[in-house]
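Chain by chain, the residues:
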Protein chains: 2
Amino acid sequence: MPHRRVYYFGGGKADGRGEMKNILGGKGANLAEMTNLGIPVPAGFTISTKVCTHYMDSDGTFPDGLKDEVAAAITKVEEAMGTGFGNPDDPLLFSVRSGARVSMPGMMDTVLNIGLNEKTAAGLIKKTGDERFVYDSYRRLIQMYADVVMSLDSEAFHGILEARKKTKGVWHDLELDANDLREITVEYKKKVKELSGKEFPDDPTEQLWGAISAVFESWNIPRAISYRRLNDIADDWGTAVNVQAMVFGNMGKNSATGVAFTRDPATGEKVFYGEYLPNAQGEDVVAGVRTPRPINLAQKQEGDEESLEETMPSIYQELEAIRQNLERHYTDTQDIEFTIQEGKLWMLQTRTGKRTAEAAIRIAVEMEAEGLIDRKTAVLRVEPEQIERLLHKGLDPSAKYDVLAKGLPASPGAAVGRVVFTAEDAVGWAESDDAEKARTILVREETSPEDIDGMNASQGFLTARGGMTSHAAVVARGMGKCCIAGAGDVKIDYAARTFSVSGTVIKEGDWLTLNGSTGEVILGQVPTVEAELSGNFATLLEWADEFRQLGVRTNADTPEDAARARGFGAEGIGLCRTEHMFFGDERIRHIRAMIMAADETERRAALDKLLPFQRADFEGILEAMEGLPVTIRLLDPPLHEFIPPDEEIGQLAKELGKDAAQMIERAEELREANPMLGHRGCRLGITYPEVYEMQARAIFEAACSLARRGVDVKPEVMVPLVGEPKELAILRELVDRVAREVIAQEKVAVDIRIGTMIEIPRAALTADEVAEYADFFSFGTNDLTQMTYGYSRDDAGAFIKDYLKKGILRKDPFQSLDQRGVGQLVKMAVEKGRQINPDLHLGICGEHGGDPASIDFCHHAGLAYVSCSPYRVPVARLAAAHAVLRARMRSFH
Amino acid sequence: MPHRRVYYFGGGKADGRGEMKNILGGKGANLAEMTNLGIPVPAGFTISTKVCTHYMDSDGTFPDGLKDEVAAAITKVEEAMGTGFGNPDDPLLFSVRSGARVSMPGMMDTVLNIGLNEKTAAGLIKKTGDERFVYDSYRRLIQMYADVVMSLDSEAFHGILEARKKTKGVWHDLELDANDLREITVEYKKKVKELSGKEFPDDPTEQLWGAISAVFESWNIPRAISYRRLNDIADDWGTAVNVQAMVFGNMGKNSATGVAFTRDPATGEKVFYGEYLPNAQGEDVVAGVRTPRPINLAQKQEGDEESLEETMPSIYQELEAIRQNLERHYTDTQDIEFTIQEGKLWMLQTRTGKRTAEAAIRIAVEMEAEGLIDRKTAVLRVEPEQIERLLHKGLDPSAKYDVLAKGLPASPGAAVGRVVFTAEDAVGWAESDDAEKARTILVREETSPEDIDGMNASQGFLTARGGMTSHAAVVARGMGKCCIAGAGDVKIDYAARTFSVSGTVIKEGDWLTLNGSTGEVILGQVPTVEAELSGNFATLLEWADEFRQLGVRTNADTPEDAARARGFGAEGIGLCRTEHMFFGDERIRHIRAMIMAADETERRAALDKLLPFQRADFEGILEAMEGLPVTIRLLDPPLHEFIPPDEEIGQLAKELGKDAAQMIERAEELREANPMLGHRGCRLGITYPEVYEMQARAIFEAACSLARRGVDVKPEVMVPLVGEPKELAILRELVDRVAREVIAQEKVAVDIRIGTMIEIPRAALTADEVAEYADFFSFGTNDLTQMTYGYSRDDAGAFIKDYLKKGILRKDPFQSLDQRGVGQLVKMAVEKGRQINPDLHLGICGEHGGDPASIDFCHHAGLAYVSCSPYRVPVARLAAAHAVLRARMRSFH
């Protein structure tokens, strides 16, 4: 049918089809689809997106003959619905809605009740016997029309309504009676005349064409244009217009309205789930004045009023059949809206039903068993982002609470404990005999590596500063603990041992609850529930494993974390940070002695004392990961992170037998204006080669000693912060030499790999040279993002929020990899690296390794694996499968 | 001549030619060249680099027939020199030297006196009558040979010499007599036997072949390999071996030795300039035991001994002829070494003579006038890096002084003044009636923008921290003041108002002299001399302007700087930093009020008060640069830089009528962990648009008011720190709007350009999108270097020194643009930007804009201009010409 511009739907047959989204828009295509399925949809027609394009290109005029086509379609609608557009006895009313290829919040949404005027209103009152409803509909038509079609100031109309309520001494629109509303329609029409100089149109056809024009016009309002720009929607796609007959659920006892899900959206159970209201319109459900009733007996509980299954059994059966029809057709759970008008069931909407993570998994696995979908589809049905919370303890969903403050949901789960302000207190209280006192929440401006023991000892962390990848956040996700970061309203007074939130003062020892999944900080104790990892969950992840090509490793610094991650399916450690191991009580003393050493000899003496500790650490981790690769990063943070605060230096000096003044001077020397860009990473390895030597020795001694006991170890040594190929050349040589020495001395064969982080832009730019010295690249996208954007993770919170709000950033680049900029460097490094070294093993170990969108990117960039915090491992497994399956879908279409 | 492997030179004819560097090496080609010029060069021969390649490829064996060729060459040398190799009566001695295509410090350099043994030594003693000289030569042969040919431990030989001196109770080698040295040769030979198990070879031919092999072997010693790797020298180039007859200037009264320059290397005057010693060897000149004599009457001063011109007039005439011959041939000033052996003149070396900046300019301009060279060559003869110092005051070259400490030569020139430790003191003392007291040197750990007034008031700055691009350094170069930065040995005690350098304590008020060209800190007052900008200098720069394609602008923040730079030839301002204007007494108060504002209204009130100041600033600068473009950068540094130290906040609070506690809290909020990566640049413009609005308004009001007075203004507004195209989209819109408003209100036409700094890696990576909103890009390579390398300018000093020493970095990337990494981003941005916007104007305004190597890069990257500090403008003009001329030379070859 060439040159069709108006697509009718109704009476079981539609001109359009579901796949014609480009010309019918999403909504129009969906209405056509449902109609063709034999589902009773109120009749109507869709004016194609091509008309919109024509309208735009020709200064707001319609193509020749369009009016005739629309008139013909209206006649068909009238026939199907048995009513007449503008017929005072049995008036047909229309809704007019915009509908582009993709949903576009910027545009005009809807004008309802097109076709009402004094005459048709009278007819409708006669039919429904509900004068209040009719005049409410009429005044709504005028108000909406004046706003979106005539572009009049909506405040003026709102004012009229408010004035009336004031006069009547009432608070709610619902308290206005039919008479009030009738008088308001009169005032509204006067106001239209006053503001526009024109009468409000009485002619239904004029109303309709006004609304159609308004939809097309709304395609080019600034809000819509800027939404398109932000979301890569082409200006020439245009929008379609959907004109559809309105139906009413408030036409008496045999009318009703309701909503339902084809399966339980909370649990996923295969049960028809919904509610309805007899003799009511959709707004009544929303207004909450009347309590909805269950649609079936299955849901009916004591005290509930009669279900639809009981009051209108045949309608319910029809609905049940539609439910099955819809699930068969869409092969997914649907969220439906229906209206029963005088004993006739009309479906107003069907869409994919939102669901909880638990429900998503159960529905996917059960639908596969039912043969409705295949495994690939089942895997794609569960959003990776959803599932992480299934692994964490959560607040009891039934608990009620008030939110004291909000921060960033930096690490999910829930934590309940008493407020402490120092890591030492957290440790001290944890050792308390009083089990209640032992549970603490560590509240800090921000945490630092020194706090590690305290963090370990507490239930969760709350920081006033820092973002999603701040120290507290990263450590929390690693430990699987709950963390709320960057709660800016939290003002801490360390001296007083209190913090305050807009006047409320919380003292040390007060109970606090954190909801790490939402960022809510709650005063007092909220009950929590343990998570369950159901059989369906495991099944789904196994299916995901069948499809994914990316390996999934974990970032873990302790044998405990490593074991936990392995339980979640981790296939190795992608990042083991050695510095976190430095903060044990005795170790830190040796580390400090090392830093304060006057020369290399003293430094080596201190390092010799550290060696056994590091060796034991590595043994633990390598053993926990037997058979799997473990990538160990050599010392990364600047040395001053290990130095105690000024007030403790005196004590330290005494312990080390040094001069306190000299030590303060040394500490001052190490302080940096921008530590993130300072003397750290391999720069330390170059300046103090003996530090990396000790670490390499500890790794290889641990590996050899395990190998001699028959443990299969796969250590990989990673040099951080390389920005210049020669750095790696020198340090690779150093590590290689130590490996040769240790292996010769221990007389046992161990395979080792030596590689580097790519986390400095320059390393990506010179990756071809870097690759000469690397067995592997691991993209450290946290630092790479910091330097590519010039954003400090610790400070950027101040403006990133603003940037997200203003649409300058679509996502926080520390949460989801910036593919356009940072990604460009990643791709460049992959290409250049492989060119020189085709066997180069490639992975990512930044926080992005657990972000689904970033994982998709990594898959397409050709990486071999992603590495993420233990609790993110299942997310990554699923996301990696999605990356493969989505790509197949794309190439199929 | 196919397959020639040995190239003879001597007697006015050589087998090789000067351009055969690839097979003769640089030294061999030069010897051939001189010989062919008819210059008397001691005869010898060069074994080609191809023999080296053969030697390497065939396990250290020589090609068949080589020995015969060498023997034949030796015979020719014997004939030319009238002596015999191994002839006890009249022995011929050889020097053996390596010589690759380019000079390679890693390799074996020289073995002298090949051919000496007990018999030939006796013959030589008979000839020279100088037993001490002969045995000293002999023991040197053994020592060098044992070291470089036999690879024996040189310490052992050194020990023998030292032991002898101890026994004799003398300090210097020269105090050993002939007998000592003869006995030492015996001990040396014993030691050779002891260490190697072999006798020291007596046979001259064996000695010779040992030395030849050693040269070839030295091509592959680790030092040489790593030097090649660092300097991109191919492994298969190989080295040649130069075997040359030795001549002796100590054979009696008609022998002598000397060095000379064909023109005066200090002034450039066209006068033969040199010195000689009769009856002496080259070492005697170096040892400084005897005072050399002038070579001619022109140089002879009262008290000088007879000149060569007087003692050997015909030899002097011959030398004078050679001088002219060499200058004609090489068309440049030569530095020559000669020896007169028994009345016969031998030229040992000629090479391009080093010269001062003054001399370089004078020689280039005069040689052009003489027709020896053309203008292009003249321009290329002066190194841009040399000339900057000509513009600065310097220490009197004749002054003697002791150096107290050394730092980085951050801004050239000299400064003499009294030590002060605060900017306020510098200002206070400068207002003193005592002119001596008014001259201060500001000594700080490091400077900050608050110190600007004090810096202005003082003669020069000395900082203990910071590098070549630290605040102090950048400001100093901008102001044309002397600065020594990062003098790590300087330990400041602000409380005591002293600083110390390894024990020496310097108090406030003590006199200090800084040599900013060398980084030397000197206690007391050293006399200084004013610089002269000679006519030749101006001529040369005009010639440079004829060739260069790059424009040269300046970085200037005040009308004074702008005018100075214009005087030096600046064609506009490439970077005017508005924040430096904020530190005036009254302004800073308004700025602080702005920062401390509780809301936008308060902030706008403070900004309104700043507006007139900024407008006046811009008027001054735009007027000083009439007819030329002025690029003004909107506020860049983080706000906390403007906040006073904690102890002054109370006072500020009182002034602003605010609560001190709240202000401290606000100051704390603004403090950042990594300010370089924090809330600054356009991020401030996005968060506080009213700040940029005020600045844009001030710029346009200034421009309009000047334009109305008929001044030709070309303002360009630059948005700093863009990392995401949308930032620029939003801020361009803001600036454009203000421009429209002001122009409409002032009713005068002004052309404006709006553009951005490219200083964040992501801006380069997304330059195609950024270019949509930019009229120009200005590469801010300081920040771009910081972020591409992940180096903080303020902190990197700690390891960059180490990196330079270890050869990891060839140059400090803050001094010379890193072409491999940072340059890659620049090129990418140029390409992407031009693709979208072919008219995009491109420049650079980082400190690299004044660095010759970086300027060469900018030329080739296709930039339109470079911008640098005022004193660098002449450097940039010359360097820009070099970039063009060098490229022509390259394409010619």
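Residues numbered from 1 in each chain as written. Chains lettered and ligands numbered in written order. Predicted model: local features only at pLDDT ≥ 70, side-chain atom pairs only at ≥ 80, totals over all residues. Heavy atoms only, no water.

K.L.:
Summarise the environment of Met-828 of chain B; cite the residues concerned and give the values.
P.N.:
Residue placement: Met-828 of chain B occurs in helix 33 (residues 822-836). With relative accessibility at 14%, the residue Met-828 of chain B sits in the buried group. (Helix = DSSP H or I, 4+ residues; strand = E, 2+ residues; numbered from the N terminus. Buried < 20%, exposed > 50% of the residue type's maximum accessible area, 1.4 Å probe, protein only.)

K.L.:
How would you explain the interface of chain B and chain A if you had to name every residue and give the values?
P.N.:
Interfaces are frequently sized by the accessible area removed from exposure as the parts join. Taken together, the contacts link 54 residues of chain B with 54 residues of chain A. Interface of chain B and chain A: buried area, both sides summed, is about 4,700 Å²; carbon and sulfur atoms make up 51% of it. Counting across the chain B and chain A interface gives seven salt bridges. For Arg-762 of chain B, the salt bridge identified is with Asp-818 of chain A, shortest N-O distance 2.5 Å. The interface formed by chain B and chain A includes 34 residue pairs in polar contact (both at pLDDT 80 or more). Going through the elements one at a time, helix 25 (660-670), helix 26 (682-687), helix 28 (725-746), helix 29 (761-765), helix 30 (767-770), helix 31 (781-789), helix 32 (797-805) and helix 33 of chain B are the ones with two or more residues in the side of chain B that touches chain A. Of the residues assigned to the side of chain B that touches chain A, the class counts are 20 nonpolar, 12 polar and 22 charged. (Contact = heavy atoms within 4.5 Å. Buried area = accessible area lost by both parts, 1.4 Å probe. Salt bridge = Lys/Arg side-chain N within 4 Å of Asp/Glu carboxyl O. Polar contact = N/O pair within 3.5 Å; in protein donor to acceptor, adjacent residues only side chain to side chain. Nonpolar A, V, L, I, M, F, W, Y, C, P; charged D, E, K, R; others polar.)

K.L.:
Let's hear about the sheet that holds strand 29 (residues 629-633) of chain B: which residues, and what values?
P.N.:
Residue and element names in this part refer to chain B. Judged by pairing direction, the barrel is parallel, and its eight strands sit side by side in the order 27-28-29-30-31-32-33-34 before closing back on the first. Put simply, the sheet's adjacent strands are angled 30° from each other on average, direction ignored. Inspection of the sheet shows strand 29 paired to strand 30 (residues 714-719) by five bridges, in the parallel sense. From the neighbouring strand, Arg-633 faces strand 30, where its bridge partner is Met-718. Contacts between helix 28 and the sheet are confined to strand 30 and strand 31 (753-758), with strand 31 contributing the most and set at about 150° to the helix. (Pairing = 2+ DSSP bridges. Axes fitted to C-alpha atoms, helices over the stretch in contact; angles between N-to-C directions.)

K.L.:
Describe the packing of helix 22 (residues 585-596) of chain A against helix 23 (residues 600-624) of chain A, listing the residues and the values that go with them.
P.N.:
Residue and element names in this part refer to chain A. Following both chains from N to C, one finds helix 22 and helix 23 inclined at 145°, their axes separated by 8 Å at the closest point. Where helix 22 crosses over helix 23, the two elements pack in a sense that is left-handed. Taking contact as the criterion, the partners of Glu-586, Arg-587, His-590, Ile-591, Ala-593 and Met-594 in helix 22 are, on helix 23, Arg-603, Ala-606, Leu-607, Lys-609, Leu-610, Phe-613 and Asp-617. Its residues placed into classes, the contact of helix 22 with helix 23 shows seven nonpolar, one polar and five charged. (Left-handed = near helix turned anticlockwise from the far one by under 90°.)

K.L.:
Got a sec to walk through the pairing of strand 17 (residues 414-420) of chain B? Specific residues and values, please.
P.N.:
Residue and element names in this part refer to chain B. Burial within strand 17 is extensive, with six of its seven residues counted as buried. In the sheet, strand 17 pairs with strand 24 (residues 511-515) via five bridges, with the strands oriented antiparallel. Its bridge partner being in strand 24, Gly-417 is matched across the sheet by Leu-512. Pairing analysis gives three bridges linking strand 17 to strand 18 (residues 440-444), with the strands arranged parallel. Bridge pairing links Arg-418 to Thr-440 in strand 18.

K.L.:
Any details on helix 3 (residues 66-81) of chain B? Residues and values, ideally.
P.N.:
Residues and elements named next belong to chain B. For helix 3, built from 16 residues, the straight-helix expectation of 22 Å at 1.5 Å per residue is met to within 8% by its first-to-last C-alpha distance of 22 Å. Among the residues making up helix 3, those that are buried are Leu-66, Val-70, Ala-73, Ile-74, Val-77 and Met-81. All buried residues of helix 3 project into a common sector of 105° when viewed along the axis, lining one side. For helix 3, the exposed residues lying more than 90 degrees away from the buried face are Asp-68 and Glu-79. One or two positions beyond helix 3, positive phi appears at Gly-82, with a value near 70°. (Expected span 1.5 Å × (residues − 1). Arc of directions from axis to C-beta.)

Structural measurements only, silent on function.
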